[in-house]
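The residues making up each chain are set out below.
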Amino acid sequence: MKKEDCYFLGKITRRHGLAGNVILKLDTDQPSQYKNLDSIFVEINGLLVPFFVEKTAFSKQDALNIAFKNSSEALVDQSLGKNVYLPLSSLPKLSGKQFYYHEIIGFEIFDQDDNNCGVIRSVNDQTAQNYFVTNLDGKEVVIPLIKDWILEVDREERFIKMQLPEGLIDVFLVTSKKDE
């Protein structure tokens, strides 16, 4: 399994108890989807190593207590502090205006008047307000990711149409011109 074919699920933070269980801190807004895992991929020395799950239980709302099948103490020790991934193919397909952040990289954003607002380079979800980072005419533009602003997601044509406040994009372009 290659890392580019997977998505980040979380991180193994510590051991739990004496039976070789570990705590997986989930990085998801829907932790309940992961209560019945069969296997996970743990990144060890740059490789994704499959670990087969015997049982899981929530230790907190966003943390799973995982017991592995047939794992040694050494393998459990190697997994501590490591990132965990699952195959992209395991994600349910979304439709309509819903999307996964990884799938919209490279999509164009258009405003309600069909003005191009740039190509999505990344999505920042590490702040209180998630936002798109786009590139428009060589300038970086930040567009808040507000679900009510999203009018359409076209996966075939690879664009998102948004109802943006008047002047939002101009703020970035004017600021960039002052910097030149």
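Visitor: Quick one: what's the story with the sheet that holds strand β3 (residues 39-44), residue by residue and with numbers?
Guide: Taken in spatial order, the six strands line up as β1-β2-β5-β4-β3-β6 and close into a barrel, and their pairing is antiparallel. Mean inter-strand twist for the sheet, computed between neighbouring axes without regard to direction, equals 45 degrees.

Visitor: Requested: an account of the environment of Ile 104, with residues and values cited.
Guide: Within the secondary structure, Ile 104 is located in the loop between β6 (83-87) and β7 (108-111). Look at Ile 104 and you get buried, because its relative accessible area is 0%. Along the sequence, Ile 104 and Glu 54 sit 50 residues apart, while their C-alpha atoms lie 34 Å from each other. Those residues in contact with Ile 104 that sit more than four places away from it in its chain are Phe 99, Ile 120, Val 123, Phe 132 and Ile 160.

Visitor: Explain the nonpolar core to me, using residue names and the numbers behind them.
Guide: Counting residues in hydrophobic clusters, the biggest one holds 20 residues, and the most contacted among them are Leu 9, Leu 24, Tyr 34, Leu 37, Ile 40, Ile 66 and Phe 68. The residues contacting Ile 40, other than those within four sequence positions of it, are Val 49, Pro 50, Phe 51, Ile 66, Phe 68, Val 84, Tyr 85 and Leu 86.

Conventions adopted
Residues numbered from 1 in each chain as written. Predicted model: local features only at pLDDT ≥ 70, side-chain atom pairs only at ≥ 80, totals over all residues. Heavy atoms only, no water. Pairing = 2+ DSSP bridges. Helix = DSSP H or I, 4+ residues; strand = E, 2+ residues; numbered from the N terminus. Axes fitted to C-alpha atoms, helices over the stretch in contact; angles between N-to-C directions. Buried < 20%, exposed > 50% of the residue type's maximum accessible area, 1.4 Å probe, protein only. Contact = heavy atoms within 4.5 Å. Core = buried A, V, L, I, M, F, W, Y, C linked by side-chain atoms within 4.5 Å.

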